[in-house]
Amino acid sequence: MAGSTDLRRAFGQFGTGVAIIALRDSQNRAVGLTVNSFASVSLEPPLLSWCLANDSQLFADVSQASRFSVNVLAADQLALSNRMAGPASHILQDDEFLEGENGTPLVQGALAQFDCHIHDRVALGDHIMLIGGIDAVRHCSQGRAPLMYFRGNYAGIEVGS
Ligand SMILES: Cc1cc2nc3c(=O)[nH]c(=O)nc-3n(C[C@H](O)[C@H](O)[C@H](O)COP(=O)(O)O)c2cc1C
């Protein structure tokens, strides 16, 4: 089997979008975490997934949360992506999010927002997979460019209107 550096580099050949997972922490603060492990899972019922490292400082909060949102980032949200990748602080400021119907923080300006309850949690090696049941969705119809990630770096993509 390849070493973890090789594996990381091989995974990195798969270009992805970037999303922020937002949730309420144990003190009811809105917090966010940058991920690129987001994937669509099912249309009926509507399900999605993402994976969290077991050593994340948000692991306990995510384990106890009943809800989270997935917020697909636009290219102009790179600074927020870097901030939510820690390690300093994962706290979202008041003007950076709105609340969904169930109180889940939803990141302002995201290309798409998925407001989810936890459908399942699956422990898998050094990560846990979170399966979200999607209760509400919003998306942007304008031609704004997405934030992309490829080979360990942010990347650009041209988007028509
Ligand atoms: C583009 C990008 C994608 C990331 N994707 C994931 C991910 O899918 N799962 C994860 O646990 N951490 C991911 N991370 C790392 C976290 O955002 C964060 O940096 C890391 O968890 C820092 O540790 P902390 O959670 O203890 O602060 C990603 C970071 C970046 C910059």
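Please refer to the structure placed before this passage.
Only a predicted model underlies this, so the values are computations on that prediction, with no experimental measurement involved.

(A) Representation of the environment of F114. Relative to the helices and strands, F114 resides in strand β9 (residues 112-124). For the pair F114 and G100, spaced 14 residues apart in sequence, the C-alpha separation works out to 9.6 Å. Once you skip the residues sitting within four places of it in the chain, F114 turns out to touch F38, L48, F68, S69, V70, V72, I134, A136 and V137.

(B) Here's a closer look at the layout of surface pockets. Of the volumes computed, that of the largest pocket is approximately 1,500 Å³. Lining the largest pocket are 35 residues, with R8, F11, N36, S37 and H127 sitting closest to its centre. For the lining of the largest pocket, the secondary-structure elements that each account for two or more residues are α1 (4-11), β3 (30-35), β5 (47-53) and β11 (148-150). Examining the composition of the lining of the largest pocket, we find that 5 residues originate from one element, α1, more than from any other. In the lining of the largest pocket, the residues fall into 16 nonpolar, 14 polar and 5 charged.

(C) A look at the site of the ligand. In the vicinity of the ligand there are 15 residues, among which T34, S37, S56, A85 and H90 approach most closely. N36 is positioned with one of its backbone polar atoms (N or O) 3.0 Å from a nitrogen atom of the ligand. C51 is positioned such that a nitrogen or oxygen atom in its backbone is 2.8 Å from a nitrogen atom of the ligand. Coverage of the ligand by the protein chains reaches 79% of its 610 Å² of free accessible surface.

(D) Quick peek at the packing of aromatic side chains. On inspection of all chains with the given rule, the structure shows 3 aromatic pairs. Seen from their ring centres, W50 and F68 are 5.7 Å apart, and the 80° between their planes marks the pair as edge-to-face. Linking W50 in strand β5 with F68 in strand β6 (residues 67-72), this pair joins segments that are 18 residues apart in sequence. The exposure class assigned to W50 is buried, which follows from its relative accessible area of 1%. In this structure F68 comes out as buried when scored by relative accessible area, which is 2%.

Quick notes on the rules
- Residues numbered from 1 in each chain as written.
- Predicted model: local features only at pLDDT ≥ 70, side-chain atom pairs only at ≥ 80, totals over all residues.
- Heavy atoms only, no water.
- Helix = DSSP H or I, 4+ residues; strand = E, 2+ residues; numbered from the N terminus.
- Contact = heavy atoms within 4.5 Å.
- 1 Å grid on protein atoms, 1.4 Å probe; cavity = no way out; pocket = protein on both sides within 12 Å on 5 of 7 lines; lining within 4 Å.
- Points joined across faces, edges and corners; volume = space filled by probe spheres on them.
- Nonpolar A, V, L, I, M, F, W, Y, C, P; charged D, E, K, R; others polar.
- Near = heavy atom within 4 Å.
- Polar contact = N/O pair within 3.5 Å; in protein donor to acceptor, adjacent residues only side chain to side chain.
- Areas by Shrake-Rupley, 256 points an atom, 1.4 Å probe, with all protein chains shown as cover.
- Phe/Tyr/Trp six-rings, centres within 6.5 Å; stacked < 30°, edge-to-face > 60°.
- Buried < 20%, exposed > 50% of the residue type's maximum accessible area, 1.4 Å probe, protein only.

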